[in-house]
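What the coordinates show
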Amino acid sequence: MKVDLSLAIGGFQGGGIESAGQIALRAFVLKGYEVFGSREFHSNIIGAHSYYHIRVGGKALRLPLDALIALDAESIFTHLQSLSKEALLICDQYSLTTKASEIPSMSKALKRRIEQNYGDLSLNKILTDQELKIVALPMRDLLKELSHERSMISVSKALNVMGISAGLYLLGLNKETIKKAIEGQFSNPGINLKAMEIAIEKVKDLERKELPDGKKEDKLILSGNEAVAMAKISSGLDFLSFYPITPATDETLFIEKSGKIITVQAEDEISAIGMALGASLAGLRASTSTSGPGFSLMNEMVSFAVQAEIPIVITLWMRSSPSTGIATRTSQQDLLHAIFSGHGDTPKVVIASGDHSEAIEDTARAFELAEKFQIPVIHLLDKFIASAITTVDKNAFRTLPKRDFSENSDGYLRYKITEDGISPFLPIGRATMIVSSLEHDEYGSATEDPVDREKMILKRIKKLEKASEVLSEESYSVYGDHEPEITIVSFGSTKNAIMEAIEELKIPIKFVQLRILSPFPDLSKELVGKVLVIESNAGQLSFLLKVHCRVDGTAKKLNARPIYVDEVVKAIKAFMNGEKEVIMSEGV
Amino acid sequence: MKGFDYKTDAWIQWCPGCGNYGILTALRNAIAEVEIDPKKLVIVSGIGCSSRIVYYIRGSNVHTIHGRAIPVASGIKLANPDLMVIVAGGDGDLLGIGAGHFVALGRRNIDLKVLIHDNAVYGLTKGQAGPTLPSAVKLRAMNYPNSHEALNPLLLAFASGYTFIARAFAYHVKPLKDLIKEVLMHRGSAVIDILQPCVTYNDLMTRDWFEKRIYYLDSLPNESELLQKMKEVDRIPLGVFYKIEKETFDQKINSIMGRKNKGVRNV
């Protein structure tokens, strides 16, 4: 029996939603299932609605939800229309008497939509006609039971564990598995184990079906931020400078905590990349991480790194833009920004990863490319991958050799003209030289001579051509049918939703997933039939594909939420029925 | 070694009589007297007339972009504490566009020596007001009198936490050389505000104008007179204003990372 579940746990930000989500993920992994968890939260420290969406039996998100564990009334209102017909709803008794208009933290827009659909009624009334399996728990009484040992305020923090324990138990996990998951989550799980006991005791007589054991594998459970951080450490990162920004900072802090890598908090993103470039010049393996607004500030340094030929890996965790946009929500809006970053002719490499495993692989690859070609490499990821948690192979991490500085320092020429454009690199401090942002000669001395200038610009471009040759085979992956009716082209975190949608549709579809977006690969032989681009922005990859090849339609995600399998299925069907532009709007 | 050993074959493209020549000579002589291996000498500059100095002294130098010498120099120094890293830039570069980095360097106390070629104008773009130009002054290329107040580099350095703060005059080459030697021996963020007349665009703050106003401090000012000395504008004191020893940023990072500090004095 294939187990396939989609569930969410929702509550207020700061109410332990993340811990509850992670307990659930861990429990299903212990049971032997494939899992994928996505965290959606407000740009707020405490109070606003936040939820964790978990898929069991797949690596992409699906709607509708089979189960919702709602720690408050707002969670029920928020996800009401995302629930399947007979979904399991676990909630607090008290929530059911609540009206949307009584919830101060809820957005006006959502209140308006609820009022339009249902009127200003309490949940009890709204849910009367529905076939949901509602388990309304007397949360206050249950907490009181727990408070025999401690104050009510301190035990109220265990509400998340009560909810998730009841939920997991009713979904078919046994008590032993849930207990182990809780023990794995907290260093001191005492009160939470008691909370679990109380919650399960309360629901133990309800109807449930024990889930069968899956295939147990010894894997790591990681967020995208953690996966990239570990990959950087494993790649031999020496130096990391950063300026705090969502959703990049968690990666940096993980690396800082390791205590093995010089980590510096800069005064702004210009300085963050500037310091990393300085460290790289001095011979260290260096990187910085940021998001769209920070990368805007880094642009002048991207141009400098190209001109002065300094290796650097910039990990760009895209979030919802423009400007501050929605800081804690996802998007793929920085594709063109990355490719065209930096003023002037600025050859660079842009890599995009579709999931955690690819992100790990691409991190090592980014360092190799940056150091081999002495150029900036921008590694494109997004908030969806950053905070999503899934299982990763323990052997996925590569180690890289130290940078090679074997060139003779006598008569050293920093910008020596060579056949492939690559000049041997010696760090600052190993030879006399000039590293220069001005146009320069082979030594690095400033020059405005037209012949020197032409040579140097061609040298820098030649490096990218060389990179293009090296990368051609690895620039994209091809999945699905090779004699298809349509070809889908996409990049980044849309990957797994597209793969699953294709599997489900059972029609001949080819999927070209771009891994390298600069230098842009030659896709002329790959595009068969009508071409559909799927992306989480207003058409940036479509633009590139129009320039380089051709495109017949675009399916866009613009609501700053992750992409769901179901909406991809619908979008492909709509495209096959002749729609040129489809907007995918699922998610809350 | 002699100052001559650090010369390069680049043609020097400053205007005849420019204060930068004095700084160049003083810096070359200072590093020669301290005998720094040119490979271990790292001059990092931003953009502007002064930033060209990286082409005129033999070293392992970096010419960065406008205002950003300090971040790049910080990365180099943290990566390799054995190097002698000097930052050179104008007042526009270091205190205008790069002011945030200037402040942050003071807060960090990284072992970098900052030389401000302070001429109060943007020379390469032909004479706009620089951050240290007094208010209401109209220089020859400006359309209107300066509507900004002048920034005091010494006070900003003090507020930011620099552990060595001095002022010098570009045409007094020997005292400047001695001061640079002292700064090279200091361990921590150090700054010398070097008054450097721009002979082409600053027709107010000329060599004569400065020579009528400058005088040398007899000794390191004590705490009670320090700020007053830094604030003086009618007469302009030169010399070392402030000097203390403090744990440097890389020492702190190393102790956080549980590593033994190399403790290398970088000359």
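All of these numbers come straight from a predicted model, not from anything done at the bench. (Residues numbered from 1 in each chain as written. Chains lettered and ligands numbered in written order. Predicted model: local features only at pLDDT ≥ 70, side-chain atom pairs only at ≥ 80, totals over all residues. Heavy atoms only, no water.)

On to the overall build of chain B, then. The number of helices and strands found in chain B is nine helices and 10 strands. Here the C-alpha atoms of chain B give a radius of gyration of 18 Å, agreeing with the 18 Å that 2.2 N^0.38 yields for 267 residues. Within chain B, buried positions represent 59% of all 267 residues. Partitioning the contacts of chain B with sequence separation of at least 6, the portion at a separation of at least 24 is 69%. For chain B, the accessible surface area stands at approximately 10800 Å², while carbon and sulfur atoms represent 54% of it. Looking at charge distribution, chain B has the averaged site of its 33 positive side-chain charges lying 5 Å from that of its 25 negative ones. (Helix = DSSP H or I, 4+ residues; strand = E, 2+ residues; numbered from the N terminus. Rg over C-alpha atoms; globule rule 2.2 N^0.38 Å. Buried < 20%, exposed > 50% of the residue type's maximum accessible area, 1.4 Å probe, protein only. Contact = heavy atoms within 4.5 Å. Areas by Shrake-Rupley, 256 points an atom, 1.4 Å probe, with all protein chains shown as cover. Lys, Arg positive; Asp, Glu negative; His and termini not counted. Charge placed at Lys NZ, Arg CZ, Asp CG, Glu CD.)

Let us now look at the interface of chain A and chain B. Tallying the contact residues gives 39 residues for chain A and 34 residues for chain B. For the pair chain A and chain B, the two sides together bury roughly 2700 Å², of which 64% comes from carbon and sulfur. At the junction of chain A and chain B, the tally comes to two salt bridges. A salt bridge links Arg108(B) to Glu267(A); the shortest N-O distance between them is 2.5 Å. Of all elements in the fold, only strand 9 (262–265), helix 12 (269–281), helix 13 (292–308) and strand 15 (433–436) of chain A reach the threshold of two or more residues within the side of chain A that touches chain B. Among the elements that take part in the side of chain A that touches chain B, helix 12 of chain A stands out by supplying seven residues, more than any other. In the side of chain A that touches chain B, the residues fall into 21 nonpolar, 13 polar and five charged. (Buried area = accessible area lost by both parts, 1.4 Å probe. Salt bridge = Lys/Arg side-chain N within 4 Å of Asp/Glu carboxyl O. Nonpolar A, V, L, I, M, F, W, Y, C, P; charged D, E, K, R; others polar.)

Okay, the packing of helix 1 (residues 17–31) of chain A against helix 7 (residues 159–170) of chain A next. Residues and elements named next belong to chain A. Contact pair helix 1 / helix 7: the axes reach a minimum separation of 9 Å and the direction vectors enclose 30°. By the angle between their axes, helix 1 is roughly parallel relative to helix 7. As for the relative orientation of helix 1 and helix 7, their crossing is right-handed in sense. In this structure, helix 1 contributes Ser 19, Ala 20, Ile 23, Ala 24, Ala 27 and Phe 28 to the contact, and helix 7 contributes Asn 160, Val 161, Ile 164 and Leu 168. A breakdown of the residues in the contact of helix 1 with helix 7 according to their chemical character gives eight nonpolar, two polar and no charged. (Axes fitted to C-alpha atoms, helices over the stretch in contact; angles between N-to-C directions. Parallel < 35°, antiparallel > 145°, perpendicular 65-115°, else oblique. Left-handed = near helix turned anticlockwise from the far one by under 90°.)

Think of interface size as the accessible area that goes away when the parts come together; that is how it is often given. Residues and elements named next belong to chain A. By domain assignment, chain A separates into domain 1 (5–203), domain 2 (220–396), domain 3 (409–474) and domain 4 (475–584). Between the C-alpha centres of domain 2 and domain 3 there is a distance of 24 Å. Summed over both sides, the interface between domain 2 and domain 3 buries roughly 1900 Å², with carbon and sulfur atoms accounting for 62% of that surface. Counting across the interface, domain 2 meets domain 3 through three salt bridges. At the surface where domain 2 touches domain 3, the tally comes to 13 residue pairs in polar contact (both at pLDDT 80 or more). (Domains from an automatic or database assignment. Polar contact = N/O pair within 3.5 Å; in protein donor to acceptor, adjacent residues only side chain to side chain.)

So, about the side chain of Thr447(A). Residue and element names in this part refer to chain A. By the element assignment, Thr 447 lies in the loop between strand 15 and helix 17 (450–471). At a separation of 3.0 Å, a polar atom in the side chain of Thr 447 contacts the main-chain amide nitrogen of Asp 449. Sequence-distant contacts of Thr 447, that is, excluding residues within four places in its chain, are made with Glu 439, His 440, Asp 441 and Asp 452.

Attention now goes to the sheet that holds strand 15 of chain A. Spatially, the nine strands line up as an open sheet ordered 15(A)-2(B)-1(B)-3(B)-4(B)-8(B)-7(B)-10(B)-9(B), and their pairing is mixed. Since the sheet does not close on itself, it has two edges, and those belong to strand 15 of chain A together with strand 9 (214–216) of chain B, each with one partner. Strand-to-strand twist of the sheet, defined as the mean angle between neighbouring strand axes without regard to direction, takes the value 20°. Here strand 7 (residues 164–169) of chain B runs beside strand 10 (residues 236–243) of chain B; their pairing, made up of four bridges, is antiparallel. For Ala166(B), the partnering residue across the bridge sits in strand 10 of chain B and is Val240(B). Sheet strands in contact with helix 5 (residues 153–160) of chain B are strand 4 (113–118), strand 7, strand 8 (190–195) and strand 10 of chain B, and its direction is about 165° off that of strand 7 of chain B. (Pairing = 2+ DSSP bridges.)

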